[in-house]
Amino acid sequence: PSVFELFQGGDQSFPVVTDPCARITATGAVVTAPGAAVATICTLQGLPDPRTTVLTQTNSQVEQRLIGNTSLREETAETLTAGVVFTPTFAPGFSASADYFDITVTDYVARAFGGAQGTVDACFASGVTSAAGYAANQACSLLTRTASGELFITSPQANTGELTTRGVDMQLGYVTPVGFLGLADTRFRIAAQATWLDDYILEGPQYAGRSSFDFGTIPEWKANVRFSIENGPFTATLNWSHIGDVTDQALADRVTKIEPVVPSQNYFDLGLRFETESGFTLFGGVQ
């Protein structure tokens, strides 16, 4: 573990979290009363019984305190990689490669229970029925209520368990003179990298192709392609970045459980570069 993971002092964050005790969500939607097990935990936290009292979550974001953990153990991993490179003699300047990776990390260091929402979910699924059981439960012990009844979450770093990730990294490169276009001493170059992520699994849940507050955005596909024209001291480039679509767990509808899809995104950057005879380089671009 890093020094930061061991000794983080208590940074403040405000993640989006669904409060299981609320029958009116922060968006104003009305949900059914929770079952007896959830209601019991709500009362253990000092709230009235949500089966008889309609509680409202006034803010979709709750306060979170991020701390380190001096008891962390080191991570260990088993890694399998296999790759192939293709450089055909009939196409000088062309190369392509693909590399498969399969990585399993044990004692993976991350936020306990995956973060804020994971901590809340783990506590309310624990089935504790007493104050002693609540205090002894690892997830519930990280939850308190403010004076206004809002959740307050403490999130330490932890050796969370096993992380498995699999996928393929791909690269392609090609450079060729373009004198046939009437541009003397000019070269065209393309460099492309892409990753296909098949799995990103932490203790069961699949995060590949999903976006969440706790783990960020992990698309199944992402790519970057760079085109350039080079002529002596002058270079012009066009860069294309692609991020595949994901389902957004943080914006899931609490009533229907439907997770909206964030569509794929494409970004294009244009750059120009000129090296002067006196050794200066002039460059500019549009992002």
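Just above sits the structure.
Calculation criteria
- Residues numbered from 1 in each chain as written.
- Predicted model: local features only at pLDDT ≥ 70, side-chain atom pairs only at ≥ 80, totals over all residues.
- Heavy atoms only, no water.
- Buried < 20%, exposed > 50% of the residue type's maximum accessible area, 1.4 Å probe, protein only.
- Helix = DSSP H or I, 4+ residues; strand = E, 2+ residues; numbered from the N terminus.
- Arc of directions from axis to C-beta.
- Contact = heavy atoms within 4.5 Å.
- Pairing = 2+ DSSP bridges.
- Axes fitted to C-alpha atoms, helices over the stretch in contact; angles between N-to-C directions.

Draft legend 1. Helix H3 (residues 116-124), seen in detail. Of all the residues in H3, the buried ones are Ala116, Gln117, Thr119, Val120, Cys123 and Phe124. The arc that holds the buried residues of H3, viewed along the axis, is 160°, so those residues lie on one side. Buried residues along H3 sit against helix H2 (36-44), strand S2 (63-67), helix H4 (131-136), strand S6 (143-145) and strand S7 (151-159).

Draft legend 2. Spatial organisation of the pairing of strand S4 (residues 94-106). One ladder, built from eleven bridges, connects strand S3 (residues 76-86) with S4; its direction is antiparallel. Note that in S4 the partner of Thr81 across the bridge is Phe101. By the bridge criterion, twelve bridges tie S4 to strand S8 (residues 163-177) in an arrangement that is antiparallel. Residue Ser95 lies in a different strand from S8, and its bridge partner there is Gly173.

Draft legend 3. Just unusual backbone geometry, in detail. One non-glycine residue, Phe113, lies in positive phi territory at about 60°. Tracing the backbone shows Phe113 in the loop between strand S5 (109-111) and H3. Residue class for Phe113 comes out partly exposed when judged on its relative accessible area of 35%. The phi angle at Glu203 is positive, at roughly 55°, despite the residue not being glycine. Within the fold, Glu203 resides in the loop between strand S9 (186-202) and strand S10 (210-212). Classification of Glu203 by relative accessible area gives exposed; the value is 52%.

Draft legend 4. Looking closely at the environment of Pro92. Mapped onto the elements of the fold, Pro92 is located in the loop between S3 and S4. Sequence separation between Pro92 and Thr176 is 84 residues, and the spatial gap between their C-alpha atoms is 8.0 Å. For Pro92, the contacting residues outside a window of four places in its chain are Tyr174 and Val175.

Draft legend 5. Looking closely at the sheet that holds S9. Pairing is antiparallel in the open sheet, where eight strands are placed in the order S3-S4-S8-S9-S12-S13-S16-S17. Two strands bound the open sheet, and with one partner strand each, they are S3 and strand S17 (281-286). Across the sheet, the axes of successive neighbouring strands diverge by a mean angle of 15°, strand direction being ignored.

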